[in-house]
Amino acid sequence: MVEPADRPSAAGQRLGAPESFGVSTLEPGLRPPAQPPGKQVSIRVQMLDDTQEVFQISQRSPGKVLFDLVCVHLNLVEGDYFGLEYQDQRKMTVWLDLLKPTLKQIRRPKNTILRFVVKFFPPDHTQLTEELTQYLFALQIKRDLACGRLICNDTSAALMVSHIIQSEIGDFDETQSWQHLLHNKYLPDQDAIRDKITDCHRKHVGQTPAESDYQLLEIARRLEMYGVRLHPAKDREGTKLSLSVAHTGVLVFQGYTKINAFNWSKIRKLSFKRKRFLIKLRADPSQNAHHDTLEFAMASRDCCKIFWKICVEYHAFFRLFEEPKPKPKPILFTRGSSFRFSGRTQKQIIDYVKDSEVKKVPFERKHSKILSSSSMTPQSSSFRSQVPKESATSVPLADQPDSARLGHQAESNGSEELAAAISPTNGFHDIQAAPVSDPIQSRQNHHGTGSAPDQQFLNPGSPGSEDSPLGSPSVVVNGNGSVNGQGMGVTAVLGPGQSPEGRQLSPLTSPLLTDAGYVRNEDEDEARRKKFPTDKAYFIAKELLTTERTYLKDLQVITESFQGVLGKDEAFPDSVNNLISASYDPVYKFHQGFLKEVEQRLAQWEGRSNAHIKGDYQRIGDVLLKNIQGLRQLTMHLQKHSECLVELERACRSSRKAEALCREFEQQRVCYLPLNIFLLRPLHRLLHYKLILERLCKHYPPTHDDFRDSRAALADISEMVLQLQGTMMKMENFQKLLELKKDVTGVDNLAIPGREFIRLGCLSKLSGKGLQQRMFFLFSDSLLYTSRGMTPSNQFKVHGQLPLYGMTIRESEEEWGVPHSFTLFGQRQSVVVAASCASEMERWVEDIRMAIDLAEQSSSPQTDLLSTSPSDNKLLEDGGAEQESEEELGGSRSSLERQGHRGNTTVHVCWHRNTSVSMVDFSVAVENQLSGNLLRKFKNSNGWQKLWVVFTNFSLFFYKSHQDDYPLASLPLLGYSVTVPSESENIHKDYVFKLHFKSHVYYFRSESEYTFERWMEVIRSATCSASRSLPSTRKDLY
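Residues numbered from 1 in each chain as written. Predicted model: local features only at pLDDT ≥ 70, side-chain atom pairs only at ≥ 80, totals over all residues. Heavy atoms only, no water.

Student: Please set out the overall build of the protein chain residue by residue, giving values where relevant.
Tutor: Within the protein chain, the secondary structure is distributed over 28 helices and 30 strands. Residue burial in the protein chain is summarised as follows: out of 1038 residues, 58% are buried. Residue pairs at least 24 apart in sequence account for 67% of intrachain contacts in the protein chain once pairs closer than 6 positions are excluded. Of the roughly 44,300 Å² of accessible surface on the protein chain, a fraction of 50% belongs to carbon and sulfur atoms. (Helix = DSSP H or I, 4+ residues; strand = E, 2+ residues; numbered from the N terminus. Buried < 20%, exposed > 50% of the residue type's maximum accessible area, 1.4 Å probe, protein only. Contact = heavy atoms within 4.5 Å. Areas by Shrake-Rupley, 256 points an atom, 1.4 Å probe, with all protein chains shown as cover.)

Student: Tell me about the packing of aromatic side chains, residues and numbers included.
Tutor: This model, assessed by the stated rule, comprises 36 aromatic pairs. Measuring from centroid to centroid gives 6.1 Å for Phe 121 and Phe 137, while their planes differ by 80°, and the two rings are edge-to-face. Here the residue Phe 121 occupies a position in the loop between strand S5 (113-118) and helix H3 (131-146), and Phe 137 occupies one in helix H3, the gap between them amounting to 16 residues. Looking at Phe 137, the relative accessible area reads 1%, which means it is buried. Judged by centre distance (5.8 Å) and plane angle (70°), the rings of Tyr 538 and Trp 605 are edge-to-face. On the criterion of sequence distance, the pair formed by Tyr 538 in helix H12 (residues 536-568) and Trp 605 in helix H13 (residues 574-605) is long-range, its members being 67 residues apart. For the pair Tyr 538 and Trp 605, one class covers both residues: buried. Site record: aromatic cluster; members linked through ring pairs are Phe 67, Tyr 81, Phe 82, Phe 116, Phe 120, Phe 121, Phe 137, Tyr 226, Tyr 314, Phe 317 and Phe 318. The side chain of Arg 913 reaches across the aromatic face of Phe 997, ending 4.9 Å from its centre. (Phe/Tyr/Trp six-rings, centres within 6.5 Å; stacked < 30°, edge-to-face > 60°. Lys NZ or Arg CZ within 6 Å of the ring centre and 35° of its normal.)

Student: Explain the pairing of strand S1 (residues 40-46) residue by residue, including any values.
Tutor: Of all the seven residues making up S1, five are buried; the element is thus mostly covered by neighbouring parts of the structure. One ladder, built from seven bridges, connects S1 with strand S2 (residues 52-58); its direction is antiparallel. Paired with Ser 42 across the bridge in S2 is Gln 56. Bridge count between S1 and S5: three bridges; the pairing is parallel. Each residue of the ladder has a partner; that of Arg 44, found in S5, is Ile 113. (Pairing = 2+ DSSP bridges.)

Student: So what's going on with the sheet that holds strand S3 (residues 82-87)? Which residues, and what values?
Tutor: Spatial strand order, S2-S1-S5-S3-S4: five strands in an open sheet with mixed pairing. In this open sheet, the two edge strands, each paired with only one partner strand, are S2 and strand S4 (93-95). Averaged over all pairs of adjacent strands, the angle between their axes in this sheet comes to 35°, without regard to strand direction. Across the face of the sheet, helix H1 (residues 63-74) comes into contact with S1, S2, S3 and S5 while running at roughly 135° to S2. (Axes fitted to C-alpha atoms, helices over the stretch in contact; angles between N-to-C directions.)

Student: Let's hear about the sheet that holds strand S27 (residues 969-972): which residues, and what values?
Tutor: Pairing is antiparallel across the open sheet formed by seven strands, whose spatial order is S27-S26-S25-S24-S30-S29-S28. Pairing within the sheet leaves two strands with one partner each, and these edge strands are S27 and strand S28 (977-979). If you compare each strand with its neighbour and ignore which way they point, the axes differ by 35° on average. Pairing of strand S24 (residues 930-937) with strand S30 (residues 1000-1005), which is carried by two bridges, proceeds in the antiparallel orientation. Bridging from a neighbouring strand, Leu 935 pairs with Arg 1005 of S30.

Student: So, the side chain of Asn 928: which residues are in play, and what are the values?
Tutor: With respect to the element layout, Asn 928 can be found in the loop between helix H26 (919-927) and S24. Within the local environment of Asn 928, its side chain forms a polar contact with the side chain of Ser 1021, the two groups lying 3.4 Å apart. Discounting chain neighbours no more than four positions away, the residues touching Asn 928 are Phe 951, Val 1018 and Ser 1021. (Polar contact = N/O pair within 3.5 Å; in protein donor to acceptor, adjacent residues only side chain to side chain.)

Student: Describe the environment of Cys 303, and please don't skip the residues or the numbers.
Tutor: Inspection of the secondary structure puts Cys 303 in helix H8 (residues 301-319). Separated by 209 residues in sequence, Cys 303 and Val 94 place their C-alpha atoms 9.8 Å apart.

Student: I'd like a rundown of H8, residues and numbers included.
Tutor: The terminal C-alpha atoms of H8, which comprises 19 residues, lie 26 Å apart, in line with the 27 Å expected from a rise of 1.5 Å per residue. Of the residues making up H8, those classed as buried are Cys 303, Cys 304, Ile 306, Phe 307, Trp 308, Ile 310, Cys 311, Glu 313, Tyr 314, Ala 316, Phe 317 and Phe 318. (Expected span 1.5 Å × (residues − 1).)

Student: Explain H1 to me, using residue names and the numbers behind them.
Tutor: Between its first and last C-alpha atoms H1 spans 17 Å; for 12 residues at 1.5 Å apiece the expected length is 16 Å, and the two agree. Most of H1 is tucked away: 12 of the 12 residues are buried. Taken as a whole, H1 has its buried residues at Gly 63, Lys 64, Val 65, Leu 66, Phe 67, Asp 68, Leu 69, Val 70, Cys 71, Val 72, His 73 and Leu 74. Buried residues belonging to H1 abut S1, S2, S3, helix H2 (102-105), S5 and H3. Of the residues trailing H1, Asn 75 is marked for its positive phi of about 55°.

Student: Summarise the packing of H12 against H13; cite the residues concerned and give the values.
Tutor: Between H12 and H13, the shortest axis-to-axis distance is 9 Å and the interhelical angle comes to 150°. In terms of orientation, H12 lies roughly antiparallel with respect to H13. Where H12 crosses over H13, the two elements pack in a sense that is left-handed. Looking at the contact of H12 with H13, its residues break down into 20 nonpolar, seven polar and six charged. (Parallel < 35°, antiparallel > 145°, perpendicular 65-115°, else oblique. Left-handed = near helix turned anticlockwise from the far one by under 90°. Nonpolar A, V, L, I, M, F, W, Y, C, P; charged D, E, K, R; others polar.)

Student: Give a detailed account of unusual backbone geometry, specifying residues and quantitative values.
Tutor: A positive phi angle, close to 60°, is found at His 820, a residue other than glycine. On the basis of relative accessibility, which here comes to 22%, the residue His 820 falls in the partly exposed class.

Student: Before we move on, could you go through the nonpolar core and cite the residues and values that matter?
Tutor: One finds Val 45, Phe 82, Phe 116, Leu 136, Met 160 and Phe 277 to be the most contacted residues of the largest nonpolar core, which totals 99 residues. The element that contributes the greatest number of residues to this core is H8, accounting for 11 residues. Apart from residues no more than four positions distant in its own chain, Leu 136 is found in contact with Leu 48, Leu 74, Leu 76, Phe 82, Phe 116 and Val 118. Listed in part, the 81 residues of the second largest apolar core include Val 565, Cys 662, Ala 713 and Tyr 959. (Core = buried A, V, L, I, M, F, W, Y, C linked by side-chain atoms within 4.5 Å.)

Student: Tell me about the packing of helix H15 (residues 635-654) against helix H19 (residues 707-743), residues and numbers included.
Tutor: Any two packed helices are characterised by how steeply their axes cross, that is the angle between the axes, and by the distance between the axes. Packing of H15 against H19 leaves a shortest axis separation of 10 Å and a crossing angle of 15°. On the basis of their axis angle, the class for H15 and H19 is roughly parallel. With respect to the hand of their crossing, H15 and H19 are arranged in left-handed fashion. Contact residues: Thr 635, Leu 638, Gln 639, Ser 642, Leu 645, Val 646, Glu 649 and Arg 653 in H15; Met 720, Gln 723, Leu 724, Thr 727, Met 731, Phe 734, Gln 735, Leu 738 and Lys 741 in H19.

Student: I'd like to hear about a positive patch on the surface, residue by residue, with values.
Tutor: Residues Arg 268, Lys 269, Arg 282 and Arg 319 make up a contiguous surface patch of positive charge. For Lys 269, the location among the structural elements is in strand S10 (residues 267-273). Under the relative-accessibility criterion, Lys 269 is labelled partly exposed at 44%. (Patch = residues over 30% accessible without salt bridge, like charges linked within 9 Å, V, L, I, M, F, W, Y side chains within 5 Å. Salt bridge = Lys/Arg side-chain N within 4 Å of Asp/Glu carboxyl O. Lys, Arg positive; Asp, Glu negative; His and termini not counted. Charge placed at Lys NZ, Arg CZ, Asp CG, Glu CD.)

Student: So what's going on with the pairing of strand S8 (residues 249-254)? Residues and values would help.
Tutor: Buried residues dominate S8, accounting for five of its six residues. Here four bridges tie strand S7 (residues 240-245) to S8, and the two strands are oriented antiparallel to one another. Counterpart to Ser 242 in the pairing with S8 is Phe 253. Between S7 and the antiparallel strand that follows it, S8, lie three residues. Alignment of S8 against strand S9 (residues 257-263), held across six bridges, turns out to be antiparallel. Looking across to S9, one finds that Leu 251 is bridged to Ala 261. What sits between S8 and S9 in their antiparallel hairpin is a turn of two residues, with Gly 255 showing a positive phi close to 65°.

All we've got here are geometric facts, nothing functional implied.
The structure is reproduced here in structure tokens:
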């Protein structure tokens, strides 16, 4: 036998296989059929490992000959699961017909690349008996993940990628795994879950490549979109649908949701006529029904035929015992198609492999850098093969002229991408260092090296200095699957920190945040930091400490500052004072003790006492378990917090003096957030404990000393969250309605039972004077549109209300010639609005349609929101349009600099930055809170300033230290982009991230890789809008 080192070998080819022929897959035990005489033609085939091979076939050879040659090249026994696909002259992706001459199907062989891919996906991967077949299936799953076709949640995606990495580089190594993930793209948005991937990878110690393939297929086969390829269609009413075929039958999708499935046993006949695809069902005896025929319209007759053929082949492969025999040729007239399935059925493959006892031969894994098992399965292990080598004859895909691929969009609910024309390709393209329109989606260099070898890819076209002009910020739909973000349109509205003259002002203008008078001691901090532990569990425990400090300060706002105001004035009844005191004081005292224990444990862990010598204190689970069990005793007090919010609002409604007192308190610097948010902080903190413990349990192996305590604490806190989740959801919605009531003038009864807030943001309304910026508020029963007023409190005045009951929505770009526009048809009036970009329009349309459905389901009509009569509303709309002069807008734009009452709320930030936020975004922001020390780079020097930074409510708040009672400055992040600095920016420090909006640029530096990743994660949650269809921890919880 020839040694593998003596000759080049293609990746995926069995080592030591004969040069000529092996075992044919289509005709067991026989060599491929002899080719007819004639001129030889070269055909290029791209393998699943992205190498390309050239095969010589005769001009008159059928497709079966070429397919046999490919299988012989791989020495593949179970080849009938696979097929050859290509793009024909109509740019449609079709399968190579094995019975027809190859050159009659491929008109331009020199310019066509066929792709060898999986064609039939079995329901159980254990039916694939050969390791080589499982390896090729694993490559197909890897390709489907990378191109966004196999959609799943973040947990499944991270687990599958971790098995792929285990098969490629072996056991977990921090540096090697980091570098491998940095230079390989396994998911469209893998940076967001890189931490999950590494956590999963570290658990696969000792797992062979074959075992990794087995586990990968085990996860993939359970996904709803496993092996699904969507074909666009419409039903008789014109509703957009997609059809697909699987081993069970024909599937129907609406958007990305499977709405129907027709089992093979229920289908009597499949046919097509012109553009109509017909499914004829068998009569149901139990319902005494007649034969039913379902009709779907596809884009063209060719589309129907392509889908009909793959349905015929799927049915034959999985349902028949043997290959169907050809139809006899008609004597006079032909009727119907003569197409039939060619090849062995699944039953024939299984029987052949079982009876023939094919000898297992080693094969080569292109991407694997470790010893690969030749016949390893999770049940048996025999021997390992050599380290694989790159094939000398392989051709990179990117160098080929036919390497273009269809783009894929994906949602998070397990759906397939929309086919651009007819059917999607199975191609897998390498990610090139091309310009990226969305800096948030760029990869990040976290490995801590001073240089950034991959930075040109990370942030192409980034400015060389802080004052360089930047593109407008991008808004990205965030999630476990990947959605393409689109940049927000730039409007004439000035951003915060901008004067009407156009001069850019920094939001961080506090004297304590300037360059002068500060000692630059970052080197000392760095030297001290290097002495601390580097274990990830330590930094998770430190996050618990820093966020607990912030949480205690927030509790002080209620227990000390606000109660102090209540005690001096008799505006509130004693019942409210006593309720707040009895509900919050015990919680505050408990967390004072909790914080002391955490501080003591961290001091011991860092070695600031002799206890660290024993090694008994390098854990935090025991402290958490003890205090969460103590916190459970306070559940009764936590349940009272919602009552406090309701009673406080009732007191403000009944007394103008109480309302004025709360308004004055919110003006104080210590109340850096709306007062009602502080009242809900204890409920939010339970979520934070749960998330911290989840990260801790994922980090610890089951054998770790701290794992048992951490898991027990997680079980306790999860039970508490489950017990209080209903109250939490209701109070968050109630609190948001109360906040909006303060921002909007001209409405009555905003916070009524049953009404849900859905989205707020800027849209341009089309009127006789053209497009005018308006702030829209979407609720479950109505849609308000307002404009910025000239009131001292910067409130938004209502221009009109659109009830959602009976409303319809239609895209109207072509009708009005306005980009991203759509029309809302109400019962009383119609409104044409335009979003700033396509992604904003999609979010608004999706949420409005959902709100219309909620309104239709409502059993009782909602009250009118407006405080004036309908005739007054019309006058208000007309008058508002007249009064909204440039002077008024210019004056209101500078309100963020004045920091007047309600001038820096989320509503006002959305107005200035022409964006929107949904209730889902607010819910995600609740759990994505973080605090800790960061170093901020000075603008005009290389010095760094240490600050205590709190991230909450879509903003960064800056303090000199964690002991300060109020922030020095704040930075709203809506509209900002977060990236890593490019090499040209000369930031030669580790763990640095950059925030930029237009010409505002800020650099911040964290102390470790873990904290860097956490800051990037939570800031992205504020700079990226969350789609309703994407799963989040919050949504999964509820």
